[in-house]
Amino acid sequence: MPVSARSAAQDYRYEKKFLIEDYSLAAIMQAIHLHSAMFRELYPPRYVNNIYLDSPLLTDYFSNLNGYASRRKVRVRWYNELLREVKDAVLEFKIKDGEVGRKEQFPFPTFSTSRGLTEAAFHDRIQASDLPETVKFRLRDMEFALMNRYKRWYFATPGKRYRLTVDADLSFCKLTKFENKFNHSNSERGVHILELKYMTKDDPDVHRITSGLPFRITRSSKYIAGVDQVYL
């Protein structure tokens, strides 16, 4: 049975980002715990791993870099251990339309990062999978662009109207067409990224959240930062 995307028009949401370089992780956590909106941790922190796919000319990178109204990122995401037989990955098309965005998500076929991974083997997995043919077509000409990894903490207000994530220990790895070992990476020590996420209907009240955070909203993309580090 073919898998289908989990997305809908009502899933559009805002993501406000804060690139934080002058606060320790402990100070960031304290600011969240002391917030009047009563943020509480949703579940324990975990590592997030992403393989980003892009065109040979990095079309998605430049669309995001230039701030085009319609833009996207394509990635395969899994959690915790980096080097393993990955059976629980998710393919995500992260689609932005102006300031709001949504995700199309599909279960991704099993692949291994512990024995090295080639781009050809990755595409063979895609073609042999039960992903919808339309998705296979969208991925057909895409190439490995970047791998990144970070540790993420999750918080939400009561009722989960507003969610916060905090990312630390960011690292980036350039991927090639050939065997990738994922053991050489550039890192951004001391850099933390906080993201505030909420549905469009909750935008009128968001000032209550942002005004209670001692950080400034910035434009930030881990994909852009990673490409800049490993290619430039």
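Residues numbered from 1 in each chain as written. Predicted model: local features only at pLDDT ≥ 70, side-chain atom pairs only at ≥ 80, totals over all residues. Heavy atoms only, no water.

The secondary structure content of the chain amounts to 6 helices and 12 strands. Relative to its length of 232 residues, the chain is compact, with a C-alpha radius of gyration of 18 Å against a globular reference of 17 Å. With respect to the principal axes defined by its C-alpha atoms, the chain has extents near 50 × 40 × 35 Å. Buried positions account for 50% of the 232 residues belonging to the chain. Here the analysis covers contacts within the chain between residues at least 6 apart in sequence; of these, 73% occur between residues at least 24 apart. (Helix = DSSP H or I, 4+ residues; strand = E, 2+ residues; numbered from the N terminus. Rg over C-alpha atoms; globule rule 2.2 N^0.38 Å. Buried < 20%, exposed > 50% of the residue type's maximum accessible area, 1.4 Å probe, protein only. Contact = heavy atoms within 4.5 Å.)

To continue, consider the side chain of N180. By the element assignment, N180 lies in the loop between β10 (163-173) and β11 (186-188). Residue classification places N180 among the buried residues on the basis of a relative accessible area of 4%. For N180, the contacting residues outside a window of four places in its chain are G116, L117, F144, K174 and L175.

To continue, consider the confidence of the model for the chain. Low-confidence regions, as indicated by low pLDDT, have predicted coordinates that should not be scrutinised in detail. Summary statistics for the chain give a mean pLDDT of 93 and a share of 96% for residues scoring 70 or more. The low-confidence segment residues 1-9, where pLDDT is below 50, has 18 contacts with residues more than four positions distant or belonging to other chains. (pLDDT = per-residue confidence, 0-100.)

The next thing to look at is the environment of C173. Turning to its location among the elements, C173 is positioned in strand β10. With a relative accessible area of 5%, C173 lands in the buried category. Residues C173 and V230, spaced 57 residues apart in sequence, show a C-alpha to C-alpha distance of 6.9 Å. If near-sequence neighbours (up to four positions away) are discounted, C173 is found in contact with L146, M147, F182, H184, S185 and V230.

Once that is clear, we can look at unusual backbone geometry. For residues other than glycine, phi is negative in most cases, and the peptide bonds are mostly trans. The backbone of K160 sits at a positive phi, close to 65°, despite the residue not being glycine. Tracing the chain through its elements places K160 in the loop between β9 (143-156) and β10.

On to the pairing of strand β3 (residues 46-54). For β3, the tally of buried residues reaches 7 of 9 residues, placing the bulk of the element in the interior. Here 9 bridges tie β3 to β9, and the two strands are oriented antiparallel to one another. Bridge assignment links N49 to a residue of β9, and that residue is R149. With 6 bridges connecting them, β3 and strand β4 (residues 70-79) associate as antiparallel partners. In the sheet register, L53 faces β4, and the bridge partner there is V74. (Pairing = 2+ DSSP bridges.)

In this structure, I51, L91, F108, F111, F122 and L139 are the most contacted members of the largest nonpolar core, which totals 26 residues. Within the residue set of this core, elements represented by two or more residues are β3, β4, β6 (90-97), α3 (119-128), α4 (133-139) and β9. Those residues in contact with L91 that sit more than four places away from it in its chain are V74, R75, V76, E104, Q105, F106, F108, L131, V135 and L139. (Core = buried A, V, L, I, M, F, W, Y, C linked by side-chain atoms within 4.5 Å.)

Let us now look at the pattern of salt bridges. The full count for this structure, using the stated rule, is 25 salt bridges. Between R13 and E15 there is a salt bridge; the shortest N-O distance is 2.9 Å. In this structure, E179 and K181 form a salt bridge, with 3.3 Å as the shortest nitrogen-oxygen distance. For K181, a relative accessible area of 47% puts it in the partly exposed group. Through salt bridges with shared partners, a single network forms among R152, D167, E195, K197 and K222. (Salt bridge = Lys/Arg side-chain N within 4 Å of Asp/Glu carboxyl O.)

Here the focus is the layout of surface pockets. Size it by volume and the largest pocket reaches roughly 460 Å³. Lining of the largest pocket is provided by 19 residues; of these, K17, R71, K96, R219 and S220 occupy positions nearest its centre. Mapped by element, the contributors of at least two residues to the lining of the largest pocket are β1 (13-20), α2 (59-65), β4 and β6. At 4 residues, the largest contribution of residues to the lining of the largest pocket is made by β1. The residue inventory of the lining of the largest pocket, partitioned by class, reads 4 nonpolar, 6 polar and 9 charged. Estimates place the volume of the second largest pocket at around 290 Å³. (1 Å grid on protein atoms, 1.4 Å probe; cavity = no way out; pocket = protein on both sides within 12 Å on 5 of 7 lines; lining within 4 Å. Points joined across faces, edges and corners; volume = space filled by probe spheres on them. Nonpolar A, V, L, I, M, F, W, Y, C, P; charged D, E, K, R; others polar.)

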